[in-house]
Structure formats: C-alpha cells, structure tokens
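Remarks on the overall topology
In case you want the letters, here they are:
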Amino acid sequence: VPPRPVDEVIARIRKEFGKSPDELFAEFDPVPIASASLAQVHEARLRDGRRVAVKVQHADIEWISQLDLESIRRILDLIQWVVRLRGMESYHRDIAELIRQELDFSQEARNIAVLAGNFAGHSDVHFPVVVEELSTARVLTTEFVEGAKVTDFARLQAMGIDRRALAQRILRVMCQMVFVDGVYHADPHPGNIIVHDDGTFTLVDFGAVGRLAPSMKGGVPMFWDGVMKRDPTRITAAD
C-alpha cells in the first residue's frame, strides 16, 4: 500500500519511546523500504553501526482494523442469512484474533524467539534478531536482512543458487514446523523468504504464526500417510 507520511511515523515512534528517530538511531531513512496494510518498514543504523529494519505501525491502524472487522461481521451475517449456513460467526472470531495478534509486535517478537529456539543449531534457516530495547507493541526493530527474494530467479541464478536444493531446504523447514514442532510461520509468501549467497535463507514477518493442538499435530501426518497408502481407515483415524 502507499506509504504514510514520515511525520506520522515519527509521531508513532515518539509516542512509543518518548524520543524521535534522530535521538534513537544514528541514522534513520525517512523513505520506507516496504509498506503494507498494518505497518511500514524503514532502514536505520544503530549507534554501534548495526543496520536494522524498523517496522512501525500506521498511526490509525487500530481504528481502521475495527471498522474492517465490523464490515466483515456484517458480510458474514448476510451470507449466513442468504445461504442458511450456521456457525459462520466463528470465522469472525478467528479473523479478529489473527488481527489482534498481528497488531501486537511484542507477540511477533515472542514468535521469533520461539521459532528461532526450535531451529537452534539448524544451519539452513535463520531468523532476524530482535533489538529488544527498540521494540514495543507498536514498533519492532530487528537486524537488517540482506538477500534475494525467493522468486527472483534471475538473481538466484547469478548467485549460483541451486533452486531445487533450496526448495528442498525450505520444505524440510516448513515440515518440521508443522509436523514436529506444531508452531509454524503462517504467512510464508515469497516476500517473507530471503535467500543468501550460501544457499541458506531467512524467514521474516512473524505476525501470523499458527499453533497446532497435540491431537492435530499427530493427526496431520497420519492423514497424509493414509492418503499416500490409500488407506481409508488411517485417514478417518486421523480425526
């Protein structure tokens, strides 16, 4: 989405920390490197020289999200009335909870810590380091991650990346998240997978993280095992 004026960004940062970006950072680029529906990201540099990405929520996003949720509730009520399908109110609760989590950058920082811990010692995947003293529920500061977007095939080729091997690494990581850990990145679109020169990759943007109940975590592999073996009994047992 179009970026918000830098004055709004400065106001949000000042509200969270009581200081302006110039007081908090050695350098702060007023031009965002990315802008999305909830926040935008600015590159900055700490006093110790480290490059960081500063994710700042839009000034009025809480109010906008409430309007959107009310619109979604009315649409679901209308659909439920037209098609006579019961239980659609549960979708609104799920969407509201997801947005609540995405608006809490403190939760995103905790998500990063959990997933990084699950992959401690794993050489294929990396996670951005959170700068805790410059992060709140509305501003998240992490180390700056450089690399290629996973779908930038021309750049991957120039980097000498084996795309098949890269795809296998990504798949192994996602399978561990779902089938082993039960905690997974729920928004792994190409913009959130950054590939490095050595063929490893970093996952970014952990506002949406899913968690499977123990029964679900055990049932998913059982279901797919039943599908591959064409075993109806095993499929239904994966309930």
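In case you missed it, the structure is sitting above this.
These notes cover the structure that comes with them. Quick caveat: nothing in here was measured; it's all calculated off a predicted structure. (Residues numbered from 1 in each chain as written. Predicted model: local features only at pLDDT ≥ 70, side-chain atom pairs only at ≥ 80, totals over all residues. Heavy atoms only, no water.)

Looking at the environment of Glu43
By the secondary structure assignment, Glu43 is in strand β3 (residues 39-45). Spatially, the C-alpha atom of Glu43 lies 5.6 Å from that of Asp29, the residues being 14 residues apart in sequence. With residues up to four places along the chain from it excluded, the contact list for Glu43 reads Phe28, Asp29, Ile33, Arg51, Val52 and Phe144. At 2.8 Å, the side chain of Glu43 forms a polar contact with the side chain of Arg51. (Helix = DSSP H or I, 4+ residues; strand = E, 2+ residues; numbered from the N terminus. Contact = heavy atoms within 4.5 Å. Polar contact = N/O pair within 3.5 Å; in protein donor to acceptor, adjacent residues only side chain to side chain.)

A look at the pattern of salt bridges
Tallied over the entire structure, the rule returns 17 salt bridges. The residue Glu8 makes a salt bridge to Arg4 at a minimum N-O spacing of 3.4 Å. In this structure, Arg234 and Asp225 form a salt bridge, with 2.5 Å as the shortest nitrogen-oxygen distance. Of the residues examined, Asp225 reaches a relative accessible area of 18% and is grouped as buried. Where salt bridges share partners, they join Glu70, Arg73, Arg74 and Asp77 into one cluster. (Salt bridge = Lys/Arg side-chain N within 4 Å of Asp/Glu carboxyl O. Buried < 20%, exposed > 50% of the residue type's maximum accessible area, 1.4 Å probe, protein only.)

Observations concerning the sheet that holds strand β10 (residues 201-203)
Spatial strand order, β5-β10-β9-β7: four strands in an open sheet with mixed pairing. Lying at the two open borders of the sheet, with one neighbouring strand each, are β5 (125-126) and β7 (148-149). Sheet topology places β5 next to β10; two bridges connect them, and they run parallel. Among the inter-strand pairings, His126 is bridged to a residue of β10, identified as Thr202. In this fold helix α7 (residues 163-181) packs onto β5, β9 (193-195) and β10, with an angle of close to 35 degrees to the strand it touches most, β10. (Pairing = 2+ DSSP bridges. Axes fitted to C-alpha atoms, helices over the stretch in contact; angles between N-to-C directions.)

What to know about the side chain of Ser135
With respect to the helices and strands, Ser135 occurs in the loop between β5 and β6 (139-143). Since its relative accessible area comes to 18%, Ser135 is described here as buried. A polar contact of 3.0 Å, which involves the side chain of Ser135, links it to the backbone nitrogen of Thr141. With residues up to four places along the chain from it excluded, the contact list for Ser135 reads Phe17, Val130, Leu140 and Thr141.

As for the packing of aromatic side chains
This model, assessed by the stated rule, comprises four aromatic pairs. Between the aromatic rings of Phe119 and Phe127, the centroid separation amounts to 5.8 Å while the plane-to-plane angle is 40 degrees, which identifies the pairing as tilted. The pair Phe119 / Phe127 is uniform in exposure class, with both members buried. The interplanar angle of 80 degrees and the centroid separation of 5.2 Å between the aromatic rings of Phe223 and Trp224 together place this pair among those described as edge-to-face. Relative accessible area serves as the criterion here: at 34%, Phe223 is assigned to the partly exposed category. A residue is classified by how much of its surface remains accessible, and Trp224, at 47% relative accessible area, is partly exposed. One aromatic cluster is present, formed by Phe119, Phe127 and Phe206 through successive ring pairs. The aromatic ring of Phe153 is capped on one face by Arg163, whose charged end is 3.8 Å from the ring centroid. (Phe/Tyr/Trp six-rings, centres within 6.5 Å; stacked < 30°, edge-to-face > 60°. Lys NZ or Arg CZ within 6 Å of the ring centre and 35° of its normal.)

Here's the deal with the pairing of strand β4 (residues 51-57)
For a regular strand, side-chain orientation follows a simple rule: the groups alternate between the two sheet faces. Burial within β4 is extensive, with six of its seven residues counted as buried. Judged from the seven bridges that link them, β3 and β4 form a sheet pairing that is antiparallel. In the strand pairing of β4, Gln40 is matched with Val56. In this antiparallel pair of consecutive strands, β3 and β4, the connection spans five residues, and Gly49 shows a positive phi of 100 degrees. In this sheet, β6 lies alongside β4 in antiparallel orientation, the contact comprising five bridges. Paired with Val54 across the strands is Thr141, a residue of β6.

Details of the packing of α7 against helix α8 (residues 214-229)
Axis separation between α7 and α8 bottoms out at 8 Å; the angle between their running directions is 120 degrees. As summarised for this structure, α7 and α8 are arranged oblique, according to the angle between their axes. Between α7 and α8, the contacting residues are Val178, Phe179, Val180 and Asp181 on the first element and Lys217, Val220 and Pro221 on the second. (Parallel < 35°, antiparallel > 145°, perpendicular 65-115°, else oblique.)

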